[in-house]
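Spelled out, the chains give:
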Amino acid sequence: AMRAFTFDRLLDLCKALGTPAVMPHFDSTISKTNDVVRQVIIPMSRRQGSWSALRRGLGVEASEGRALATCMQEGQPLRAERWITHSWDNLFAHVVAAAIADTLGERTF
């Protein structure tokens with residue numbers, strides 16, 4: 001589907017979490033993947049604008065949503081090199097930690 005995003009864009013998203021514009025109540029010790037998806041990813045994917053604007057809570061309402069990877073890569077298709085599976089009930093920080101571990105060639109985090 002050519003819907004991937006770079007590791008840098010994942011880190012951008014993580015840095016935005018907990019800011020006044022992007023899920024200000026985010027807490028890495030309790031916020032689950034479901035929380036981040038419902039409160040950040042879905043709303044971001046329903047806005048038009050550059051990735052820089054979206055991660056600051058800006059952009060304009062769109063008539064329909066799109067994949068967050070499309071938003072993150074600003075419409076540039078990118079083939080995935082890794083596939084990350086996750087549970088909606090896991091801590092979002094654990095999903096990110098698994099991605100970081102894989103990037104570093106570690107089997108666990």
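Look up a bit, the structure's there.
All values reported here derive from a predicted model rather than from experimental measurement. (Residues numbered from 1 in each chain as written. Predicted model: local features only at pLDDT ≥ 70, side-chain atom pairs only at ≥ 80, totals over all residues. Heavy atoms only, no water.)

**Details of the side chain of aspartate 12**
Now for step 1: Secondary-structure assignment places aspartate 12 in helix α1 (residues 7-16).
Now for step 2: Side chain to side chain, aspartate 12 and tryptophan 51 meet in a polar contact 3.1 Å long.
Now for step 3: Once residues lying within four places of it in the same chain are set aside, the contact partners of aspartate 12 are Trp51 and Arg55. (Helix = DSSP H or I, 4+ residues; strand = E, 2+ residues; numbered from the N terminus. Polar contact = N/O pair within 3.5 Å; in protein donor to acceptor, adjacent residues only side chain to side chain. Contact = heavy atoms within 4.5 Å.)

**Points about the state of the cysteines**
Now for step 1: Under the criterion given, the structure shown has zero disulfides.
Now for step 2: Unpaired in this structure, cysteine 14 has its nearest cysteine sulfur neighbour in cysteine 71, at a distance of 16 Å.
Now for step 3: On the accessibility criterion, cysteine 14 (23% relative accessible area) is partly exposed.
Now for step 4: You can call cysteine 71 buried: its relative accessible area is 1%. (Disulfide = S-S within 2.5 Å. Buried < 20%, exposed > 50% of the residue type's maximum accessible area, 1.4 Å probe, protein only.)

**Details of the pattern of salt bridges**
Now for step 1: Scanning all chains against the criterion turns up three salt bridges.
Now for step 2: Ionic pairing is found between arginine 47 and glutamate 61, a salt bridge with its closest N-O pair at 2.5 Å. Highlighted residues: arginine 47 in strand β1 (residues 47-48) and glutamate 61 in strand β2 (residues 60-61), separated in sequence by 14 residues.
Now for step 3: Of the residues examined, arginine 47 reaches a relative accessible area of 21% and is grouped as partly exposed.
Now for step 4: For glutamate 61, a relative accessible area of 58% gives the class exposed.
Now for step 5: Residue aspartate 102 pairs with arginine 82 through a salt bridge whose shortest N-O separation is 2.5 Å. Here aspartate 102 is found in helix α5 (residues 92-103), whereas its partner arginine 82 is found in the loop between α4 (68-72) and α5, with 20 residues between them in sequence.
Now for step 6: Taking the relative accessible area as the measure of exposure, arginine 82 reaches 53% and is therefore exposed. (Salt bridge = Lys/Arg side-chain N within 4 Å of Asp/Glu carboxyl O.)

**As for unusual backbone geometry**
Now for step 1: Phi is positive for methionine 23, close to 50°, though the residue is something other than glycine.
Now for step 2: Within the secondary structure layout, methionine 23 lies in the loop between α1 and α2 (33-45).

**Quick look at the packing of α1 against α5**
Now for step 1: For the pair α1 and α5, interaxial distance at closest approach is 12 Å and the crossing angle is 150°. Viewed along their axes, α1 and α5 adopt a mutual orientation that is roughly antiparallel. Judged by the sense of rotation from one axis to the other, the crossing of α1 with α5 is left-handed. For the pair α1 and α5, the contacting residues are Phe7, Leu10, Leu13 and Cys14 in the first and Phe92, Val96, Ala99, Ile100 and Thr103 in the second.
Now for step 2: In the contact of α1 with α5, the residues fall into eight nonpolar, one polar and no charged. (Axes fitted to C-alpha atoms, helices over the stretch in contact; angles between N-to-C directions. Parallel < 35°, antiparallel > 145°, perpendicular 65-115°, else oblique. Left-handed = near helix turned anticlockwise from the far one by under 90°. Nonpolar A, V, L, I, M, F, W, Y, C, P; charged D, E, K, R; others polar.)

**Examining a nonpolar patch on the surface**
Now for step 1: Together, Leu11, Ile100 and Leu104 make up a nonpolar patch on the protein surface, roughly 250 Å² of accessible area in all.
Now for step 2: Mapping leucine 104 onto the fold places it in the segment after α5. (Patch = residues over 30% accessible without salt bridge, like charges linked within 9 Å, V, L, I, M, F, W, Y side chains within 5 Å. Areas by Shrake-Rupley, 256 points an atom, 1.4 Å probe, with all protein chains shown as cover.)

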